[in-house]
Amino acid sequence: MIHRVWTLTRQDFNAIPVCIEVQCRQGIPSWDMVGLAGRAIKESRERVISALIENNRDVRPYKWTFNFSPANISKDGSSYDLAIAISMLLGIGEFPEDIQLDNCIILGELSLEGRVQSISNLMCFSQFLMNSNFDTIILPKKQLSQSVQFPGIRYIGIDNVNELCDPQFIQKNFTKNKSNSLNKHCINSNDTQNLDSNLALTSKLSSNPYSNVKCDQNSESNTNVKLTSDNSWIHPIIKHTDWCHYSSDPKLSFLLKLMVVTDRSLFLLGPPGCGKTHFAKLVHILKSPLNFEKWLECQVIHEMMSSKILKRDAVPLQMPHPTISELGFLGGGRPFHPGVISLAHNGVLILDEALEFPSRFFEKIRSSMETKFIEYNRVGVNLKIPASAQFVFTANPCSCGQYLYSDCFCTATQIKKYQTKISRALLERIDLHFQFPLMPPQNYERIDPDLNKLEFKSFLNEINEIKTLLEQSKVNSMPFTRKAEEIQIFNKILSEKSYREKDKIKDLAQLIAIIHQKVEVEAADIGLAMQFRKNYLDTLT
């Protein structure tokens, strides 16, 4: 008789359901595995047999055949141990006939004495459960608190394989009446005999699918943004030197609001010490926390690097050094490891001293700034790498950094060579450009901390109002001015621009008009948009 259980395998950024079919027969004892099982899976023989023997279940005097389906996908890892053990218990008749495992995912590694060990890729597997029709998952009990728990899914934690030999435990968790006790938002499989039924992904989440998700809101984060009870967000502590550095410049303050409420890319040009890097970091600090789906996407990517798990209220931030390798920047290797451009997915990627990076890096991310992913094509490997990060480039105008600001020691040839490291095609794809001014001395003077806090609180309120306006409005639906003179001037200016430049100026002007709560795009909005689209490197050269 053939018995089947389900588990998961990871392939790059996705989890794939794997059906383990087991056949137990009388005959010469043997152990055969088919279906592209890797070395770690084949080594599970000794772990599983030892664990079952330690719990008085001798499975050696049988002929065992295991098939891992789909057979055209290579599989490896130690998370198959528990599923193999349960399939063998089914084969020897340890479980009753009314057992229900067709909609159950089984994950866990076994020790020689039968303890269920932790597994990797837990976040990737949790993401798969969001859109699958599996209703039960068995996993190590120690990881039960770490897993993301969705409504409509039963989570069963197991410490030792001997629990599977307990009739009361089996009756409680695996009989028909228990397996069908699902949340009303969960879709159950109607045909448990059809092998392909569990491969059809269906949506089973309600309008508020995160109500039962366990998130540590009180844990320490790598950012200073915290969630409050009314779902608003605040920045609890801000140094006056951090804030007054930018608040005195209306254009710079508006640019900061624009960067915080949107995901537009920015190129900052200025001399050393003027505050470019600090401004870029402040954009990240003021970002509101990710929604649950985006946070889970980031977790899946960070899990591939065995990175520290992101806190629930954290926004990804990557700030690579110019000496980073191409693999470290874009990702690669076998197995594939994401680079910093993917680790910053749904977050902020700061390329400080951008002109010091190799030029080939920028040419490879040029298309990703619009498509939000990078195509990774190698022999036998074709991937779409998530790269939906907010790019912030900072650069000096020349090698010494003092060109047009102070005494510069670079020759005209050196300046031109330095500024042409980034192609104009890439600069045109960057949404916003800004030439950082030298801050006057009075901006560094100490001011009243209480007054500064009030100003900052007002600034946060303005950001929240802008976010509300953008949620209620559609940028592309904002009409342009109907004044003939302004239309004529606008068309004359745009006639000299490329199609991409025209679209970006129009889109930015519409966004500015919405922020200023206007009924149509006026000349002032178009003028401000064109100022933010000015390519200062072209002006300098």
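As a reminder, the structure under discussion sits directly above these lines.
Description of the structure in this document. Nothing here was measured: the structure is a model prediction, and the numbers come from that model.

## Brief notes about the overall build of the chain
At step 1: Along the backbone of the chain there are 21 helices and 20 strands.
At step 2: In the chain, which comprises 541 residues, the share counted as buried stands at 51%.
At step 3: Contacts in the chain between residues at least 24 apart in sequence constitute 74% of all its contacts with a sequence separation of at least 6.
At step 4: Only carbon and sulfur atoms are counted for the fraction: they give 49% of the accessible area of the chain, which is about 25700 Å².

## Thoughts on helix α20 (residues 523-532)
At step 1: Taken as a whole, α20 has its buried residues at Asp 525, Ile 526, Leu 528, Ala 529 and Phe 532. Viewed end-on, α20 has its buried residues packed into an arc of 165°, placing them on one side of the element.

## Focus on the packing of helix α8 (residues 250-261) against α20
At step 1: For the pair α8 and α20, interaxial distance at closest approach is 13 Å and the crossing angle is 85°. Taken together, the axes of α8 and α20 lie roughly perpendicular to each other. Listed contacts from α20 to Lys 251, Phe 254 and Leu 255 of α8 are Leu 528, Gln 531 and Phe 532.
At step 2: Classifying every residue of the contact of α8 with α20 by side-chain character gives four nonpolar, one polar and one charged.

## Description of helix α4 (residues 122-130)
At step 1: In terms of residue burial, α4 counts as a mostly covered element, since eight of its nine residues are buried.
At step 2: Those residues of α4 that fall on the buried side of the exposure criterion are Leu 122, Met 123, Cys 124, Phe 125, Ser 126, Phe 128, Leu 129 and Met 130.

## Side note on the pattern of salt bridges
At step 1: If you walk through the whole model with that rule in mind, you get 21 salt bridges.
At step 2: Across the salt bridge formed by Glu 46 and Arg 45, the nearest N and O atoms sit 3.9 Å from each other.
At step 3: Between Lys 364 and Glu 326 there is a salt bridge, with the nearest N and O atoms lying 1.9 Å from each other. Of this pair, Lys 364 sits in helix α13 (residues 359-365) while Glu 326 sits in helix α11 (residues 326-330); the two residues are 38 residues apart in sequence, bridging distant segments of the chain.
At step 4: Among the charged side chains, a salt-bridge network with shared partners connects Glu 370, Glu 428, Arg 429 and Arg 500.

## Things to note about the side chain of Gln 143
At step 1: By the element assignment, Gln 143 lies in the loop between β8 (136-140) and β9 (154-158).
At step 2: Owing to a relative accessible area of 4%, Gln 143 belongs among the buried residues under this scheme.

## Some thoughts on the environment of Ile 73
At step 1: Structurally, Ile 73 is set in the loop between β4 (63-69) and α3 (81-91).
At step 2: Residues Ile 73 and Thr 9 lie 64 residues apart in sequence; the distance between their C-alpha atoms is 9.5 Å.
At step 3: Those residues within four positions of Ile 73 in sequence are excluded, and the remaining contacts are Gln 11, Ile 16, Gly 35 and Leu 36.

## Observations concerning the sheet that holds strand β19 (residues 390-395)
At step 1: Read across the open sheet, the five strands follow the order β13-β16-β19-β12-β20; overall the sheet is parallel. One side of each edge strand has no neighbouring strand; the edge strands of this open sheet are β13 (317-318) and β20 (432-435).
At step 2: Note that strand β12 (residues 266-269) and β19 share four bridges and pair parallel. For Phe 267, the partnering residue across the bridge sits in β19 and is Phe 393.

## Some thoughts on unusual backbone geometry
At step 1: A cis amide bond links Ser 69 to the next residue, Pro 70, at an omega of 5°.
At step 2: Structurally, the position occupied by Pro 70 is in the loop between β4 and α3.
At step 3: Positioned with a positive phi, Asp 12 is a non-glycine residue whose angle comes to about 60°.
At step 4: Looking at the element boundaries, Asp 12 is found in the loop between β1 (2-11) and β2 (14-25).
At step 5: Here Asp 12 falls in the partly exposed class, since its relative accessible area comes to 29%.
At step 6: With phi around 70°, Lys 372 is a residue other than glycine that occupies positive phi space.

## Thoughts on the nonpolar core
At step 1: Ranked by size, the top nonpolar core spans 44 residues in total, and within it Leu 255, Leu 266 and Phe 279 carry the most contacts.
At step 2: By size, the runner-up hydrophobic cluster in this structure holds 41 residues, among which are Val 18, Met 88, Ile 106 and Ile 158.

## Some remarks on the packing of helix α19 (residues 499-515) against α20
At step 1: It is the contact of α19 with α20, at a shortest axis distance of 8 Å, that shows an interaxial angle of 125°. In terms of orientation, α19 lies oblique with respect to α20. The interaxial crossing formed by α19 with α20 has right-handed handedness. In contact with Ile 505, Leu 508, Ala 509, Ile 512 and Ala 513 of α19, α20 contributes Asp 525, Ile 526, Leu 528, Ala 529, Met 530 and Phe 532.
At step 2: Here the residues of the contact of α19 with α20 sort into ten nonpolar, no polar and one charged.

Criteria and cut-off values
- Residues numbered from 1 in each chain as written.
- Predicted model: local features only at pLDDT ≥ 70, side-chain atom pairs only at ≥ 80, totals over all residues.
- Heavy atoms only, no water.
- Helix = DSSP H or I, 4+ residues; strand = E, 2+ residues; numbered from the N terminus.
- Buried < 20%, exposed > 50% of the residue type's maximum accessible area, 1.4 Å probe, protein only.
- Contact = heavy atoms within 4.5 Å.
- Areas by Shrake-Rupley, 256 points an atom, 1.4 Å probe, with all protein chains shown as cover.
- Arc of directions from axis to C-beta.
- Axes fitted to C-alpha atoms, helices over the stretch in contact; angles between N-to-C directions.
- Parallel < 35°, antiparallel > 145°, perpendicular 65-115°, else oblique.
- Nonpolar A, V, L, I, M, F, W, Y, C, P; charged D, E, K, R; others polar.
- Salt bridge = Lys/Arg side-chain N within 4 Å of Asp/Glu carboxyl O.
- Pairing = 2+ DSSP bridges.
- Core = buried A, V, L, I, M, F, W, Y, C linked by side-chain atoms within 4.5 Å.
- Left-handed = near helix turned anticlockwise from the far one by under 90°.

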